[in-house]
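Residue-level structure breakdown
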Amino acid sequence: MSAGVTIALDVGGTKVAGALIDRNHSIVARAQRSTLVDGRRDPALRVTRAIAHELAGRAAELGLDVDGLGAGFPEYVHPSGRLASHEVLEWTDQPLDVLADLGPVTIDSDVRCAALGEGVAGVAQGLASYAFVIVGTGLSYALVERDEARAGARGEAIGLGELEVSKRVDPDTTLSLERYASGEGIRERYLAAGGRAVDGAAPVFELAAQGDSLAAATLDSAARAVGTALATVASLIDPGAFVLGGGVSSSGAQWRATVEQAYQARAGARPDPPPVLWATLGSDAGIIGAAIAHRQHLARLVETDG
């Protein structure tokens, strides 16, 4: 066997993406499958297990030594690596148990993995402190300091989407930030306001570009809600920077500009507010970060044994 790789998985509500990641954080081989099985989201983690074994087989074909597996899940994940919610997936057994035959296994939140990926191979390289915010189908965040993604006492330090939307943005809403400004929130609000039925936020962006004023207003309010929430986070945890990723965050210059304007309107009065940066790795951040999380875990085990 030659130099080692890590099997890395980014488990999502629509797909499971995986790769073999080498020591330079490069992707050696990829695999991907739909999460949906008969309309259910990865029941019993069968898709997750199949992708993991496919990648293990690929590593064997390439003559690569595998040091184990790291995986990010769209659930609350306790620091012990055990899933603590059923927000997205229809799992019955813990992934630590399902994947144990592949060697050492590290399980973490998908947003914490993506945050680590951006810190090592993306726009956050060299930053000692940053808050990674993912605005995609859902909305969550992770605080990274000195290359470690903070989990919290129960693994629940990801719940930015649970914040209330500022009344300065929408005085009438009772929705959480996630229900208001995530991709799914944008879709639901657009439909509830009289818009056409669409599949996700991407069509809403397309309709806005075509002159649909309702779509444009829905996106504008979502961007202002996110920007205002960032200012609140800045006052609470004072990160070195914000890094925004996810499908919605990458959907256009106008949306990004509105987020930054709303943020500056609230945070700009403070001296040297944390800058807003935009993620560069896309969907690869979670995969690369899952490998990083696993290697950090292995290093901690070595330190403990030493």
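Attention now goes to the overall build of the protein chain. Helix and strand counts for the protein chain stand at nine helices and twelve strands. At 19 Å, the protein chain has a C-alpha radius of gyration in line with the 19 Å of a compact globule built from 306 residues. The C-alpha extent of the protein chain, read off along each of the three principal axes, is 60 × 50 × 30 Å. Counting the 306 residues in the protein chain, one finds 51% classified as buried. The contacts in the protein chain between residues at least 6 apart in sequence include a share of 63% that link residues at least 24 apart. With an accessible surface of roughly 13700 Å², the protein chain has 49% of that area assigned to carbon and sulfur atoms. Taking the average location of the 26 positive side-chain charges in the protein chain and that of its 38 negative ones, the two points are 3 Å from each other.

Pairing is mixed in the open sheet, where five strands are placed in the order 10-9-8-11-12. A strand with exactly one partner marks an edge of an open sheet, and here the two such strands are strand 10 (148-149) and strand 12 (276-278). Pairing of strand 9 (residues 139-145) with strand 10, which is carried by two bridges, proceeds in the antiparallel orientation. Within strand 10, the residue paired with Val144 across the bridge is Ala149.

To continue, consider the nonpolar core. Among the nonpolar cores identified, the biggest contains 39 residues, and Leu230, Phe242, Leu244 and Trp255 are the most heavily contacted of them. Once residues within four sequence positions are removed from consideration, Leu230 is found in contact with Val133, Phe242, Leu244, Val259, Tyr263 and Val276.

A separate point is the packing of aromatic side chains. Using the criterion set out here, one finds one aromatic pair in the structure. On the basis of an interplanar angle of 80° and a centroid distance of 5.7 Å, the ring pair of Phe242 and Tyr263 is categorised as edge-to-face. Here Phe242 is found in strand 11 (residues 242-245), whereas its partner Tyr263 is found in helix 8 (residues 253-267), with 21 residues between them in sequence. The exposure class assigned to Phe242 is buried, which follows from its relative accessible area of 0%. Positioned above the aromatic ring of Tyr180 is the side chain of Arg189, whose terminal nitrogen or guanidinium carbon lies 3.6 Å from the ring centre.

The next thing to look at is the pairing of strand 9. Where burial is concerned, most of strand 9 is hidden: six out of the seven residues are buried. In the sheet, strand 8 (residues 129-135) pairs with strand 9 via seven bridges, with the strands oriented antiparallel. Within the sheet, the bridge partner assigned to Phe132 lies in strand 9 and is Ala142. Taken together, strand 8 and the strand that follows it, strand 9, pair antiparallel across an intervening segment of three residues.

Along the chain, the position of Gly126 falls in the loop between helix 3 (110-121) and strand 8. Along the primary structure Gly126 and Ser176 are separated by 50 residues, whereas in three dimensions their C-alpha atoms are 33 Å apart.

Relative to the assigned elements, Asp108 resides in strand 7 (residues 105-109). Take Asp108: its relative accessible area is 17%, and that puts it in the buried class. What Asp108 contacts, discounting residues up to four positions off in sequence, is Ala71, Gly72, Phe73, Val77 and Cys113.

Here we take up the side chain of Asp284. Here Asp284 shows up in helix 9 (residues 284-305). The class for Asp284 is buried, based on a relative accessible area of 17%. Here the side chain of Asp284 touches Arg30 through a polar contact of 3.0 Å, side chain to side chain. When near neighbours in sequence (up to four residues on either side) are disregarded, Asp284 contacts Ile27 and Arg30.

Glancing now at the packing of helix 7 (residues 213-237) against helix 8. Helix 8 packs onto helix 7 with a crossing angle of 40° between their chain directions and a minimal axis gap of 7 Å. If you check the angle between helix 7 and helix 8, you find them oblique. The handedness of the crossing between helix 7 and helix 8 is right-handed. Taken together, the residues of helix 8 that come into contact with helix 7 (itself represented by Leu219, Asp220, Ala222, Ala223, Arg224, Val226, Gly227, Thr228, Leu230, Ala231 and Ala234) are Trp255, Thr258, Val259, Ala262, Tyr263, Arg266 and Ala267. Split by residue class, the contact of helix 7 with helix 8 holds twelve nonpolar, three polar and three charged.

Overall, the coordinates contain 13 salt bridges when judged by the stated rule. Residue Arg224 is joined to Asp220 by a salt bridge in which the shortest nitrogen-to-oxygen separation is 2.9 Å. In this pair, Arg224 and Asp220 both sit in helix 7, four residues apart, roughly one turn of the helix. A relative accessible area of 32% means that Asp220 is categorised as partly exposed. In the salt-bridge network here, residues are joined through shared partners; they are Arg179, Glu184, Arg187 and Glu188.

Cut-off values and rules
Residues numbered from 1 in each chain as written. Predicted model: local features only at pLDDT ≥ 70, side-chain atom pairs only at ≥ 80, totals over all residues. Heavy atoms only, no water. Helix = DSSP H or I, 4+ residues; strand = E, 2+ residues; numbered from the N terminus. Rg over C-alpha atoms; globule rule 2.2 N^0.38 Å. Buried < 20%, exposed > 50% of the residue type's maximum accessible area, 1.4 Å probe, protein only. Contact = heavy atoms within 4.5 Å. Areas by Shrake-Rupley, 256 points an atom, 1.4 Å probe, with all protein chains shown as cover. Lys, Arg positive; Asp, Glu negative; His and termini not counted. Charge placed at Lys NZ, Arg CZ, Asp CG, Glu CD. Pairing = 2+ DSSP bridges. Core = buried A, V, L, I, M, F, W, Y, C linked by side-chain atoms within 4.5 Å. Phe/Tyr/Trp six-rings, centres within 6.5 Å; stacked < 30°, edge-to-face > 60°. Lys NZ or Arg CZ within 6 Å of the ring centre and 35° of its normal. Polar contact = N/O pair within 3.5 Å; in protein donor to acceptor, adjacent residues only side chain to side chain. Axes fitted to C-alpha atoms, helices over the stretch in contact; angles between N-to-C directions. Parallel < 35°, antiparallel > 145°, perpendicular 65-115°, else oblique. Left-handed = near helix turned anticlockwise from the far one by under 90°. Nonpolar A, V, L, I, M, F, W, Y, C, P; charged D, E, K, R; others polar. Salt bridge = Lys/Arg side-chain N within 4 Å of Asp/Glu carboxyl O.

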